[in-house]
Amino acid sequence: MRLVPAVLAAHGQQTLIWRWVIDSTRTTHASPDCIDAALVFANILDRVISGESLRSVLMNPEHPGLPKSTAIQRILNGEYLHLKREHLGDGFYVIEALENALWACWQGEDLEATLLLAANLGGDADTVAAIAGQLAGAAYGEEQLPKDWLKKLAWRKDITDLADGLLALSQQLEAA
């Protein structure tokens, strides 16, 4: 739910992405399911940032290593692509949160629709929407955010500056 900074800062350097994602996740969610979900999500996010289409990545999610648990297999198998809304879990379990977010990204036609779908699933809606928002934002771009949402966004300039700084860091790390 908070991995985009690590992926942006290390973009283009997969080993560094995986290390930072694991370390970031481990601080509060150290279970094998959480580590697997974080790695799968970071891989999906990095692929989208690299220019792969969201739909193609969602049809073929990958784990960048060997999964630590079997629960992630339902995501790797793309089971969420065929679920109906009423069959989604509440999102309080990490695999369900990722599954729900990916489902919303698959179902949503654009950034706004995806975010509204994710937020309105109920359950752990803030986590699901945060995951979906990171991915949909990377796929659709800032220009698809509704203007009235941007007007109300607190610290918008600070957020933009931080994101730009993270991308600049990835370029510096890549050049080093």
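The coordinates are above.
What you see is a predicted model, and the numbers here were worked out from it, not measured in a lab.

1. Points about the overall build of the protein
Counting its secondary structure elements, the protein contains 10 helices and 0 strands. Starting at the N terminus and walking to the C terminus, you meet the elements of the protein as α-α-α-α-α-α-α-α-α-α. Computed over its C-alpha atoms, the radius of gyration of the protein comes to 15 Å, within 12% of the 16 Å expected for a compact globule of 176 residues. C-alpha extents for the protein along the principal axes are approximately 45 × 40 × 30 Å.

2. Points about unusual backbone geometry
We note that Trp155 has phi near 60 degrees; this positive angle belongs to a residue other than glycine. Looking at the element boundaries, Trp155 is found in the loop between α9 (147-152) and α10 (156-175). Residue classification places Trp155 among the exposed positions, given a relative accessible area of 66%.

3. Overview of the nonpolar core
One finds Val21, Leu58, Ile72, Ile75, Leu98, Leu102 and Leu135 to be the most contacted residues of the largest nonpolar core, which totals 43 residues. At the level of secondary structure, the elements contributing two or more residues to this core comprise α1 (4-9), α2 (14-26), α3 (32-49), α4 (54-59), α5 (73-76), α6 (94-107) and α8 (125-140). Looking at this core, the element that brings in the most residues is α3, giving 10 residues.

4. Comments concerning the packing of aromatic side chains
Scanning all chains against the criterion turns up 0 aromatic pairs. A cation sits over an aromatic face here: Arg55 above Trp106, 3.6 Å from the ring centre.

5. Quick notes on the pattern of salt bridges
Applying the stated criterion across every chain yields a total of 6 salt bridges. The partner of Glu52 in a salt bridge is Arg47, with the nearest N and O atoms 3.1 Å apart. The exposure class assigned to Glu52 is partly exposed, which follows from its relative accessible area of 35%. Measuring nitrogen to oxygen at the nearest pair gives 2.8 Å for the salt bridge that ties Asp161 to Lys157. Here the residue Asp161 and the residue Lys157 both occupy positions in helix α10, the gap between them amounting to 4 residues, near one helical turn. By relative accessible area, Lys157 is classed as exposed at 59%. Salt bridges linked by common partners bring Arg47, Glu52 and Glu62 together as one network.

6. So, the side chain of Arg47
Mapped onto the secondary structure, Arg47 falls in helix α3. Ignoring any residue separated from it by four or fewer positions in sequence, one finds Arg47 in contact with Glu52, Ser56, Val57, Asn60, Pro61 and Glu62.

7. Overview of the packing of α6 against α8
One way to put it is that α6 packs onto α8 with a least axis distance of 8 Å and a crossing angle of 45 degrees. Viewed along their axes, α6 and α8 adopt a mutual orientation that is oblique. Note on packing geometry: the crossing formed by α6 with α8 is right-handed. Residues Ala97, Leu98, Asn100, Ala101, Leu102 and Cys105 of α6 form the contact with α8, whose own contacting residues are Thr127, Val128, Ile131, Ala132, Leu135 and Ala136. Tallied by class, residues from the contact of α6 with α8 come to 10 nonpolar, 2 polar and no charged.

8. Details of the packing of α3 against α8
It is at 8 Å that the axes of α3 and α8 come closest, and there the two elements cross at 20 degrees. With respect to their mutual orientation, α3 and α8 come out roughly parallel. Considering only the axes of α3 and α8, their crossing is left-handed. Contacts from Phe41, Ile44, Leu45, Val48 and Ile49 in α3 reach Ile131, Gln134, Leu135, Ala138 and Ala139 in α8. Across the contact of α3 with α8, the residue classes break down as 9 nonpolar, 1 polar and no charged.

Cut-off values and rules
Residues numbered from 1 in each chain as written. Predicted model: local features only at pLDDT ≥ 70, side-chain atom pairs only at ≥ 80, totals over all residues. Heavy atoms only, no water. Helix = DSSP H or I, 4+ residues; strand = E, 2+ residues; numbered from the N terminus. Rg over C-alpha atoms; globule rule 2.2 N^0.38 Å. Buried < 20%, exposed > 50% of the residue type's maximum accessible area, 1.4 Å probe, protein only. Core = buried A, V, L, I, M, F, W, Y, C linked by side-chain atoms within 4.5 Å. Phe/Tyr/Trp six-rings, centres within 6.5 Å; stacked < 30°, edge-to-face > 60°. Lys NZ or Arg CZ within 6 Å of the ring centre and 35° of its normal. Salt bridge = Lys/Arg side-chain N within 4 Å of Asp/Glu carboxyl O. Contact = heavy atoms within 4.5 Å. Axes fitted to C-alpha atoms, helices over the stretch in contact; angles between N-to-C directions. Parallel < 35°, antiparallel > 145°, perpendicular 65-115°, else oblique. Left-handed = near helix turned anticlockwise from the far one by under 90°. Nonpolar A, V, L, I, M, F, W, Y, C, P; charged D, E, K, R; others polar.

These figures come from the coordinates and say nothing about function on their own.
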